[in-house]
Amino acid sequence: MLTLQKTAPQEGAELLHREAPAEPGAGEVLIDVAAAGLCGSDLHAIAWGPGYAFMSDLLPLTLGHEFSGTIRKLGPQVTDYVVGERVVCWPTVACGACDACAEARLQDCQARRIIGLHRDGAFASQVLVPAANLFRLPAELSLETAAMAEPLAVAVHAVNTAEISDGDKTLVLGPGPIGLFAAWVARQRGGQVALFGFQDSARLVCARELGLQVADLAEQNFDEAVQSLFGGTVDRVIEATGRPQSVTDGLKVLRSSGILVAAGIHAEPLSLNLTDFVRMKQQLRAAHDTTPAAFQEAVGLLAQHEAALSQAATHRLPLREAPAAITLAKQREAVKVLLLPEPAMAPAR
Ligand SMILES: [Zn+2]
Ligand SMILES: [Zn+2]
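Analysis parameters
- Residues numbered from 1 in each chain as written.
- Chains lettered and ligands numbered in written order.
- Predicted model: local features only at pLDDT ≥ 70, side-chain atom pairs only at ≥ 80, totals over all residues.
- Heavy atoms only, no water.
- Helix = DSSP H or I, 4+ residues; strand = E, 2+ residues; numbered from the N terminus.
- Buried < 20%, exposed > 50% of the residue type's maximum accessible area, 1.4 Å probe, protein only.
- Contact = heavy atoms within 4.5 Å.
- Areas by Shrake-Rupley, 256 points an atom, 1.4 Å probe, with all protein chains shown as cover.
- Lys, Arg positive; Asp, Glu negative; His and termini not counted.
- Charge placed at Lys NZ, Arg CZ, Asp CG, Glu CD.
- Donors = N, O, S within 2.8 Å, 3.2 Å for Na, K, Ca; no water.
- Tetrahedral: all angles 85-135°; square planar, octahedral: opposite > 155°, others 65-115°.
- Axes fitted to C-alpha atoms, helices over the stretch in contact; angles between N-to-C directions.
- Parallel < 35°, antiparallel > 145°, perpendicular 65-115°, else oblique.
- Left-handed = near helix turned anticlockwise from the far one by under 90°.
- Nonpolar A, V, L, I, M, F, W, Y, C, P; charged D, E, K, R; others polar.
- Pairing = 2+ DSSP bridges.

Draft legend 1. Summary view of the overall build of the chain. Counting secondary structure elements, the chain contains 12 helices and 18 strands. Overall, the C-alpha framework of the chain stretches about 65 × 45 × 40 Å when taken along its three principal axes. Within the span of the chain, comprising 349 residues, buried residues form 52% of the whole. For the chain, the proportion of contacts with a sequence separation of at least 24, taken over those separated by at least 6, is 68%. A total accessible area of about 15200 Å² is found for the chain, and carbon and sulfur atoms account for 51% of it. The centroid of the 28 positive side-chain charges in the chain is displaced by 2 Å from the centroid of its 38 negative side-chain charges.

Draft legend 2. Expanded view of the coordination of the zinc ion (ligand 2). All of the protein donors around the zinc ion (ligand 2) are Cys95 (SG), Cys98 (SG), Cys101 (SG) and Cys109 (SG); their distances to the metal are 2.3 to 2.4 Å. Coordination geometry of the zinc ion (ligand 2): the four donor atoms subtend angles of 103 to 117° at the metal centre, consistent with an arrangement described as tetrahedral. Each donor residue of the zinc ion (ligand 2) lies on one chain, and together they are spaced C-x2-C-x2-C-x7-C. The residues cysteine 101 and cysteine 109 share a single accessibility class, namely buried.

Draft legend 3. Up close: unusual backbone geometry. Looking along the chain, the bond that leaves leucine 59 and enters proline 60 is cis, with omega of 0°. With respect to the helices and strands, the residue proline 60 is situated in the loop between α1 (40-47) and β4 (61-62). The phi torsion at lysine 281 lies on the positive side, around 50°, for a residue other than glycine. Its place among the elements puts lysine 281 in the loop between α9 (274-279) and β16 (283-286). The exposure class assigned to lysine 281 is partly exposed, which follows from its relative accessible area of 48%.

Draft legend 4. Examining the packing of helix α4 (residues 149-161) against helix α5 (residues 177-188) more closely. The N-to-C vectors of α4 and α5 enclose an angle of 55°; their axes lie 8 Å apart at closest approach. Between α4 and α5, the crossing angle belongs to the class labelled oblique. Helix-helix and strand crossings are classified by hand; for α4 and α5 the assignment is right-handed. Within the contact between the two elements, α4 uses Pro151, Leu152, Val154, Ala155, Val156 and Val159 and α5 uses Ile178, Phe181, Ala182, Val185 and Ala186. The residue makeup of the contact of α4 with α5, split by class, is 11 nonpolar, no polar and no charged.

Draft legend 5. The pairing of strand β5 (residues 66-74), seen in detail. For strand β3 (residues 28-38) and β5, the ladder comprises eight bridges, and the chain directions are antiparallel. Its bridge partner lying in β5, leucine 30 is registered against lysine 73. Relative to strand β6 (residues 86-89), β5 runs antiparallel, the two being bridged by three bridges. Paired with serine 68 across the two strands is valine 88, which belongs to β6.

Note that every value here comes from positions in space, so none of it alone points to a role or purpose.
In structure tokens form, the structure reads like this:
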């Protein structure tokens, strides 16, 4: 089967034909992949940016952690599913043995492994996953839209972390898939939301089509944009840019006792004026990955709002055109690029 693999601890990824996965082990299922989204983490891993050295000992490895598909084969002890069911998968595989796992805080497992970053992922016709990580799809939800369940679940978790409720004014910085979805989810919770970008016109167009208020900081000054949209400070900020300056900017317009959630992946440290921060009693929190409950909520939101949310899948390309997909995502021309693998061969009878 054709796969997109990281093969060496350096920049790049390769399209390679590899053996299909082995038989599913106990508690595992084999999935025929329908669609897999290209994520910022995939781009970082391909560019071999800082923070991905952990992959060195795991290569070669098939990338791809945002995916949907159909169950082809069940391993021993899988009793909750049947062959042919349509599913999505939370790619975070918890160890099951640590204190966090014992307390059902699977997202906090320090020995967790991510499908597509620690073990073979879904830029392939088939992927092996633990049945415990699956979520069934409602009949009305298409497999392609469902492939965005993971980034939407990450956004739901960021909004939960920010404790956004009805009446809050929320500023979201960064219109990539996570920021765009976070702004949309925040608006679903009620209150006023604006999404800011910088030289992100294609993504801001998509955000407008989703009915979001936006500002392009290439054309408008940050303080003026906040003033004109909110008329003063905001109650919540969600940062999804990966630029420490966005955290500084966000704190500047956050009200006293307001909450800022950092959700970007940052390569540089933050310089923070602690005097102002303490006097303003601001809360700086971090959100990363998601939780099973947020994942379940994301699947429901996709089914309920498919017509709107499917617009975020701006590009669909066959897996063999992965290099073009990577270029599109890097140039921020796309919101979400879905890669469609070659169909797996029919199961032997
Ligand atoms: Zn992702
Ligand atoms: Zn654990």
